[in-house]
Amino acid sequence: MSRGTTKRAKKKSVAANPQRANPLWGGRFASGPDALMEQVNASIGFDKALAAQDLAQSRAHCSMLVETGILSRKDGHAILKGLDAVEREIVAGTFVYMPALEDIHMHVEARLAELIGEAAGRLHTARSRNDQVATDFRLWVRDAIDRIEAALGRLQGALVARADEHADTILPGLTHLQPAQPVTFGHHLLAYFEMFDRDRGRMRDCRARLNESPLGAAALAGTTYPIDRRKTAKALGFARPMENSMDAVSARDFALEFLAACSITAVNLSRLGEELVLWASARFRYVRLSDAFSTGSSIMPQKRNPDAAELVRAKAGPIIGSLTSLLITMKGLPLTYSKDMQEDKVPTFAAAEQLELCVQVMTGMIADLVVDKAAMRAACSEGFLTATDLADWLVQQLDMPFREAHGVVGRIVRLAEQKNVGLEDLSLADLKLIESRITSDAQRALSVDAAIARRSSYGGTAPKLVRAAIKRARQRLKAQR
């Protein structure tokens, strides 16, 4: 059939010929499938996303067949030339997709037959759609991991840059969403740097485990042809061929692990998104999101909504749902391949797309963030943030057991509440009413700046430690490129 044939004519010819409609298995059947069967069976609507991977593994398989003498060089050359032509059509957007051809593998093979004739039928020697799709899917997930991991690195870079600007900027650290102890904003941002670094590590771990080739496992039991699986594995960038042919075609734990890593990353992004929503609110006013990542209201002209942060927070749900969906799909399947496994791609594709978008959006928000240092500093006057520092002073200077010091400071806090003042506003006489041995030195312990500087244990919030942590973070980012 020439390329000039219209889509309508092409679809008509496919429907009229069940052998043509199902070129890989039509010989077993006397008639074509019911229209509903064709609709539920087809996966081309989503697995056309595997086109690049399918072409790559077909080239690797073809070259191996030629090198092992299974396929003639003449046929091999024709197949590789035809695959190049198919790729050009796909890239150009002129390739015609039809539900009757089910999946990307059948589409490529059918079009290859139209282009080069009989030789196309030899490409499928010593392989099955089972090992073919397993290989394509691993290649696709590997590519997605590389994109997401690189995007997370850029987000980490944005966090480090802002942390460097705010190594001395003080704000209240919270527990239970209540004021707890003063921290620096740089230290707070570096906490997310560490979280996303672990997310990158999970992605890399997943990549290392999935990086084995199923190609050559055929339907489930291997093949009688003298193929070289190590050659195709190397050609596709896999570390090695998978050891067991049944495992090779039936395993989807690599996709589950990827979705688990995506889910954890989405949760970490959601937590940062929630903080941005809070910080940008009128109650906090710590930050202002740029116009590029904010929206307005259709009725309230004063509104400035942190929609980008809210959407990052919301998208954790569908991503987690993708993991749950595939877990449930796989939980009851016996070895080896079942058609249920066709449903592995939709949740995986969706989760990867949404996560990559969320990482990019969060990177933009962090880079554009306007920080209100004064608002952060003013918030430190609420909540008695240096109460623990006063307790530590009692332990260190008066040799008081910490539990006793805790009780003493609790009574001092109650006194400050009664007077409606901060701890630093209490007079020495006020402090001595609770503990007579307290001296004026204790009042210096109530300074927020002094409290920050004293947090000098490794991993603490003291500005000098934050700067050292920033230096190490940059070195780690450089090493991970």
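Quantities reported herein were computed from a predicted structural model and do not represent experimental measurements.

(A) Local environment of the nonpolar core. Residues Leu155, Phe258, Leu269, Leu355, Met362 and Met365 are the most contacted members of the largest nonpolar core, which totals 90 residues. Phe258 has contacts with Val141, Ala144, Ile145, Ile148, Met203, Cys206, Thr348 and Ala352, leaving out every residue within four places of it along the chain. In this structure, Trp393, Met400, Ala416 and Ala445 belong to the second largest nonpolar core, which totals 21 residues.

(B) Local environment of helix H7 (residues 104-116). Here H7 is 13 residues long and its end C-alpha atoms lie 18 Å apart, about the 18 Å a rise of 1.5 Å per residue gives. Where H7 is concerned, the buried positions are Ile104, His105, Met106, His107, Val108, Glu109, Ala110, Arg111 and Leu112. Among the residues of H7, the N-terminal cap falls to Asp103, whose side-chain oxygen and the backbone nitrogen of His105 are separated by 3.1 Å. Backbone geometry just after H7 places Gly117 at a positive phi near 80°.

(C) Broad picture of the layout of surface pockets. Put simply, the largest pocket is a space of about 430 Å³. Lining the largest pocket are 20 residues, with Leu174, His188, Tyr192, Arg271 and Glu275 sitting closest to its centre. Contributing elements (two or more residues each) for the lining of the largest pocket: strand S1 (170-175), helix H9 (185-210) and helix H12 (253-279). Volume-wise, the second largest pocket comes out at about 330 Å³. Residue lining of the second largest pocket: 14 residues in total, with Ala280, Arg285, Val287, Arg288 and Arg304 positioned closest to the centre. Considered class by class, the residues forming the lining of the second largest pocket number seven nonpolar, three polar and four charged.

(D) Structural view of unusual backbone geometry. In the segment running from Leu335 into Thr336, the intervening peptide bond is cis, with an omega of 10°. The topology assignment puts Thr336 in the loop between helix H14 (316-330) and helix H15 (345-368). The phi torsion at Glu102 lies on the positive side, around 65°, for a residue other than glycine. Along the chain, the position of Glu102 falls in the loop between helix H6 (73-92) and H7. Assessed through its relative accessible area of 4%, Glu102 is described here as buried. One non-glycine residue, Leu177, adopts positive backbone phi at about 65°. Of note, Leu177 is situated in the loop between S1 and strand S2 (178-184).

(E) The packing of aromatic side chains, seen in detail. As enumerated under the stated definition, the model contains seven aromatic pairs in all. Seen from their ring centres, Phe185 and Trp279 are 5.4 Å apart, and the 75° between their planes marks the pair as edge-to-face. In this pair, Phe185 sits in helix H9 while Trp279 sits in helix H12, placing the two residues 94 residues apart along the sequence. Within the aromatic cluster, the residues linked to one another by ring pairs are Phe137, Trp140, Phe254 and Phe349. The ring of Tyr97 carries the charged tip of Lys48 above its face, separated from the ring centre by 5.2 Å. The cationic tip of Arg147 hangs over the ring face of Trp140; the distance from NZ or CZ to the ring centre is 5.8 Å.

Calculation notes
Going along each chain's sequence as written, the residues are numbered from 1 onward. Under the rules for a predicted model, residues below a pLDDT of 70 receive no local features and side-chain atom pairs below 80 are neither given nor counted, while totals for whole chains, interfaces and linings still include all residues. Computation of side-chain values: all heavy atoms of the structure, hydrogens and water removed. Take the buried residues of types Ala, Val, Leu, Ile, Met, Phe, Trp, Tyr and Cys, join any two whose side-chain atoms come within 4.5 Å, and each joined set is a nonpolar core. Residue exposure (1.4 Å probe, protein chains only): buried if accessible area is under 20% of the type maximum, exposed if over 50%, otherwise partly exposed. By the convention used here, residues are in contact when the closest approach between their heavy atoms is within 4.5 Å. In this description a helix means any DSSP run of H or I spanning at least four residues, a strand means any run of E spanning at least two, and both kinds are numbered starting from the N terminus. Here the expected span of a helix is defined as 1.5 Å times the quantity of residues minus one. Distance and chemistry together define a polar contact, namely a pair of N or O atoms within 3.5 Å, with one atom able to donate a hydrogen and the other to accept it when in protein, and with adjacent residues in sequence counting only for side-chain atoms on both sides. Using a grid of 1 Å spacing that covers the protein atoms alone, one calls a set of points a cavity when a 1.4 Å probe fits there but cannot get out, and a pocket when the set is open and has protein on both sides within 12 Å along at least five of seven lines; lining residues are those with an atom within 4 Å of a point. Grid points are joined across faces, edges and corners, and a volume is the space filled by probe spheres set on the points. Amino acids are sorted into nonpolar (Ala, Val, Leu, Ile, Met, Phe, Trp, Tyr, Cys and Pro), charged (Asp, Glu, Lys and Arg) and polar (every other residue, Gly among them). Stacked, tilted and edge-to-face are the three classes assigned to paired rings of Phe, Tyr and Trp, where Trp is represented by its six-membered ring and a pair needs centres within 6.5 Å; plane angles under 30 degrees give stacked, over 60 edge-to-face, the rest tilted. By definition, being over a ring means that NZ of Lys or CZ of Arg is both within 6 Å of the ring centre and within 35 degrees of the ring normal.

So yeah, pure geometry; function would need other evidence.
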